[in-house]
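What follows is the residue order along each chain.
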Amino acid sequence: MAILKLYGGKQASCTRRVATVLHELNVPFELVEIDVMNGAHKKPEYLKFQPFGQIPYIDDDGFILYETRAICRYIAAKHPKSGLIPTDPKSNALFEQAASVELTNFDPSASKAGLQLWIKKMGYTYPTDDKVIADHLETLEKKLDAYEAILSKQRYVAGETITLADIFHLPYGVYVTYDGSESDNIMNRASRPNVARWYKELVSRPSWLAYLDGVKTTTAY
Amino acid sequence: MVLKLHGFALSTCTRRVATVLHEYKIPFELVPVDPSKGEHKAAAYLEKQPFGQVPYIEDDGLTLFESRAICRYIVDKYRAPAGVSPLVPKDTKGKALFEQAASIEYSNFDPYASGAVREKVFKPMRGLPTDQSAYDFCVSTLSAKLDGYEAILGKQKYLAGDEITLADLFHIPYASMLAAAGCDLMTTKGPNVTRWFNELTARASWVAVKDGAKSFSSY
């Protein structure tokens, strides 16, 4: 059986999300870098695999899949004992609720502010707009107040055990902290101690720490 | 005890859930929430839905919010009626391709379709000014994304394969409002998108709720 191939970018945010879950589940994979700088992801030979011209996608022994959350769900479904997607009906419903909350209430503002903050931090010459960042962070502050209410009653976003719904908050949950200091940023406010606790746990996981310098082919765990 | 859907008749997300309830012929009671009175931001409501959004359901002791999660729960819990194929595949690859399609809806369609509808339909309803450049951005981005849809739907009948799934149904509420928002892309982008859009909006489950979701006790 061929090793899973992850077509993406070493430093690309969505590639990192997939790599984090592959690492959580100890799945060996090969990173195949796509030359995004030169528009390789918009060429016809790439669009055959990913018709929206986005990275990443995977090739798992001939099975092609794109959209990072779908990729992560597919890998987790092959490892049901991990609990990253709960199987009992009620826990599964609450997992889907939390996964949807991440999509609708976290990602829109976190990804837009986070991407720009990451570009600034990395020193890339790509235009950013401080007002756009500020507006999205303002939206996110209010959303995180609701997260605080949820996380004051349970350890993780879907219940008492970690699931993919928590991990989907990476990497943008980290990038939005680049506005502020390590001890006082949007994920670490004195007014939201439960969000801070949850965030700190997430970013201490070996699966996140493994690729701080960029995603790389990983064949042994 | 009958499933309770807390929402309002013309809400896009309430109708998204009601469509799936109709697909699976599940009786339900629509419990009205009046956003014009701020009912969805009242303390009692926030206890159930901490983001102050519509809808949520109560079913068999479970409270659940996020319309797409509610739809998934319905399909997981209830059996598809005779002659209706399950709206979420169970086999590993079929499920993965469904998840890919569900993610496409959320990341490549919804932001731009809902954004266009917000600017030209919801904002005027609330007496707020339209941001024309935001609208133009949504429409031009949606047009580019629908090129991807046109390619996919030229090879298969629906977004996840040749069977309809929740991923297709998730599109309907906002897709059906684009014309009212002055955007005709769903019927002009290409023959495949047009065919798919027309099939979806002709489904009995959508026709039953498009002009307003309401309590339904027998099918």
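Residues numbered from 1 in each chain as written. Chains lettered and ligands numbered in written order. Predicted model: local features only at pLDDT ≥ 70, side-chain atom pairs only at ≥ 80, totals over all residues. Heavy atoms only, no water.

**A word on the pattern of salt bridges**
All names here are of chain A. Applicable threshold: Any carboxyl oxygen of Asp or Glu within 4 Å of a side-chain nitrogen of Lys or Arg constitutes a salt bridge here. Going along the chain from the N terminus, every DSSP run of H or I of four or more residues is numbered as a helix, and every run of E of two or more is numbered as a strand. With a 1.4 Å probe rolled over the protein chains alone, any residue whose accessible area is under 20% of its type maximum counts as buried; one over 50% counts as exposed, and the rest are partly exposed.
Inspection of every chain in the model, using the stated rule, returns 29 salt bridges over all chains. Of the charged contacts in the structure, one is a salt bridge between Arg-192 and Glu-141, with a shortest N-O distance of 2.6 Å. Of this pair, Arg-192 sits in the loop between helix H7 (172-175) and helix H8 (193-203) while Glu-141 sits in helix H5 (residues 130-151); the two residues are 51 residues apart in sequence, bridging distant segments of the chain. Given a relative accessible area of 3%, Arg-192 falls into the buried group.

**What to know about the packing of aromatic side chains**
Think of a pair of aromatic rings as described by two things: how far the centres are apart, and how the planes are tilted against each other in angle. Using the following cut-off: The criterion for an aromatic pair is that two Phe, Tyr or Trp rings (for Trp, the six-membered ring) have centres within 6.5 Å, with stacked assigned to planes under 30 degrees apart, edge-to-face to planes over 60 apart and tilted to the rest. By definition, being over a ring means that NZ of Lys or CZ of Arg is both within 6 Å of the ring centre and within 35 degrees of the ring normal.
Taken as a whole and judged by the stated rule, the model has 20 aromatic pairs over all chains. Centre to centre, the rings of Trp-118 of chain A and Tyr-175 of chain A are 5.8 Å apart; their planes meet at 15 degrees, and the pair counts as stacked. Pair noted here: Trp-118 of chain A is in helix H4 (residues 89-122) and Tyr-175 of chain A is in helix H7, with a separation of 57 residues, a long-range link. As far as burial versus exposure is concerned, Trp-118 of chain A and Tyr-175 of chain A are alike and both buried. By the ring-pair criterion, three or more aromatic residues cluster together here, those being Phe-52 and Tyr-66 of chain A together with Phe-109, Tyr-149 and Trp-196 of chain B. Here the basic side chain of Arg-69 of chain A rests over the ring of Phe-168 of chain A, its NZ or CZ set 5.9 Å away from the ring centre. Above the plane of the ring of Tyr-178 of chain A lies Lys-121 of chain A, whose end atom (NZ or CZ) is 4.6 Å from the centre.

**Quick word on the UniProt feature "domain: GST N-terminal" (unreviewed entry) in chain B**
Let me state the cut-off plainly: UniProt positions are given in the numbering used here, feature names are shortened, and annotations may be inferred rather than shown by experiment.
UniProt records the feature "domain: GST N-terminal" (unreviewed entry) for residues 1-82 of chain B in the present numbering. Split by type, residues 1-82 of chain B is 35% helix and 22% strand. Its first and last C-alpha atoms lie 23 Å apart.

**Section: the sheet that holds strand E4 (residues 62-65) of chain B**
Residues and elements named next belong to chain B. Note the cut-off: Pairing between two strands is assigned when DSSP locates at least 2 bridges connecting them. For helices, the fitted axis covers only the stretch in contact; all axes are lines through C-alpha atoms, and the angles between them, taken along N-to-C directions, range from 0 to 180 degrees. Whether two residues are in contact is decided by their heavy atoms: any pair within 4.5 Å suffices.
Read across the open sheet, the four strands follow the order E2-E1-E3-E4; overall the sheet is mixed. Because the sheet does not close on itself, it has two edges, and the strands there are strand E2 (28-32) and E4. Within this sheet the neighbouring strands show an average axis-to-axis angle of 20 degrees, counted without direction. Sheet strands touched by helix H1 (residues 12-23): strand E1 (3-7) and E2. Its angle to E1, the strand with the most contacts, is close to 155 degrees. With respect to the sheet, helix H3 (residues 67-77) is in contact with strand E3 (56-59) and E4, its orientation differing from that of E4 by roughly 135 degrees.

**Concerning the nonpolar core**
Within soluble globular proteins, side chains that are nonpolar tend to cluster in buried spots. We apply this condition: Among buried residues, the Ala, Val, Leu, Ile, Met, Phe, Trp, Tyr and Cys ones that are joined through side-chain atoms within 4.5 Å form a nonpolar core.
If you look at the biggest cluster of nonpolar residues, it comprises 69 residues, and the most contacted ones within it are Leu-5, Phe-109, Tyr-149, Leu-166, Leu-178 and Met-186 of chain B. The element contributing the most residues to this core is helix H4 (residues 92-125) of chain B, with eleven residues. Counting 68 residues, the second-largest nonpolar core is a separate cluster that includes Leu-6, Ile-150, Tyr-156 and Ile-167 of chain A.

**A word on the state of the cysteines**
All names here are of chain B. For clarity, the threshold we go by: Cysteine sulfur atoms that pair up within 2.5 Å are treated as a disulfide.
Enumeration over the complete set of coordinates arrives at zero disulfides over all chains. Residue Cys-71 stays outside any disulfide, its sulfur separated by 9.4 Å from that of Cys-13, the closest cysteine. Look at Cys-71 and you get buried, because its relative accessible area is 0%.

**Some thoughts on the packing of H1 of chain B against helix H6 (residues 166-175) of chain B**
Residues and elements named next belong to chain B. Rule in force here: Oblique is the label for any angle not under 35 degrees, not over 145, and not in the 65 to 115 range, which are roughly parallel, roughly antiparallel and roughly perpendicular in turn. Take the far helix as the reference: if the near one is turned anticlockwise from it by less than a right angle, the crossing is left-handed, and if turned clockwise, right-handed. Polarity classes work like this: nonpolar for Ala, Val, Leu, Ile, Met, Phe, Trp, Tyr, Cys and Pro, charged for Asp, Glu, Lys and Arg, and polar for all others, with Gly in that last group.
Contact pair H1 / H6: the axes reach a minimum separation of 9 Å and the direction vectors enclose 140 degrees. As judged from the angle between their axes, H1 and H6 are oblique. Here H1 runs over H6; the crossing is right-handed. Together, Thr-12, Arg-16, Val-20 and Glu-23 of H1 and Leu-166, Leu-169, Phe-170, Pro-173 and Tyr-174 of H6 make up the contact between the two elements. Partitioned by chemical class, the residues of the contact of H1 with H6 number six nonpolar, one polar and two charged.

**Regarding the sheet that holds strand E3 (residues 57-60) of chain A**
Residues and elements named next belong to chain A. Read across the open sheet, the four strands follow the order E2-E1-E3-E4; overall the sheet is mixed. What marks the edges here is a single partner per strand, and that holds for strand E2 (29-33) and strand E4 (63-66). The average angle at which neighbouring strand axes cross in this sheet is 20 degrees, direction not considered. Strand direction decides the pairing type here: E3 and E4, joined by four bridges, are antiparallel. Its bridge partner being in E4, Asp-59 is matched across the sheet by Ile-64.

**Focus: the domain arrangement of chain A**
Residue and element names in this part refer to chain A. Applicable threshold: Here the bounds of each domain stem from an automatic or database domain assignment. Here the quantity called buried area is the total loss of accessible area, with a 1.4 Å probe, experienced by two parts when brought into contact, counted for both.
For chain A, the assigned domains are domain 1 (4-82) and domain 2 (89-207). Here the C-alpha centre of domain 2 lies 22 Å away from the C-alpha centre of domain 1. The partner domain 2 presents 20 residues to the 13 residues of domain 1 that form the contact. Contact between domain 1 and domain 2 buries roughly 1400 Å² in total, counting both sides, with carbon and sulfur atoms accounting for 58%.

**Let's talk about the UniProt feature "domain: GST N-terminal" (unreviewed entry) in chain A**
In the numbering used here, UniProt assigns the feature "domain: GST N-terminal" (unreviewed entry) to residues 2-83 of chain A. As annotated, residues 2-83 of chain A has a helix share of 32% and a strand share of 22%, and its two end C-alpha atoms lie 26 Å apart.

**Digging into unusual backbone geometry**
Of the consecutive residues Ile-55 of chain A and Pro-56 of chain A, the connecting peptide bond is found in the cis state with omega at 0 degrees. Relative to the assigned elements, Pro-56 of chain A resides in the loop between helix H2 (44-47) and E3. With an omega dihedral of 0 degrees, the bond running from Leu-170 of chain A to Pro-171 of chain A counts as a cis peptide bond. Within the fold, Pro-171 of chain A resides in the loop between helix H6 (164-167) and H7. The phi torsion at Asp-61 of chain A lies on the positive side, around 50 degrees, for a residue other than glycine. Here Asp-61 of chain A shows up in the loop between E3 and E4. Exposure remark for Asp-61 of chain A: the relative accessible area of 45% places this residue in the partly exposed category. In the Ramachandran plot, Asp-60 of chain B falls in the positive-phi region, its phi being about 55 degrees despite a non-glycine side chain. Tracing the sequence through the fold places Asp-60 of chain B in the loop between E3 and E4.

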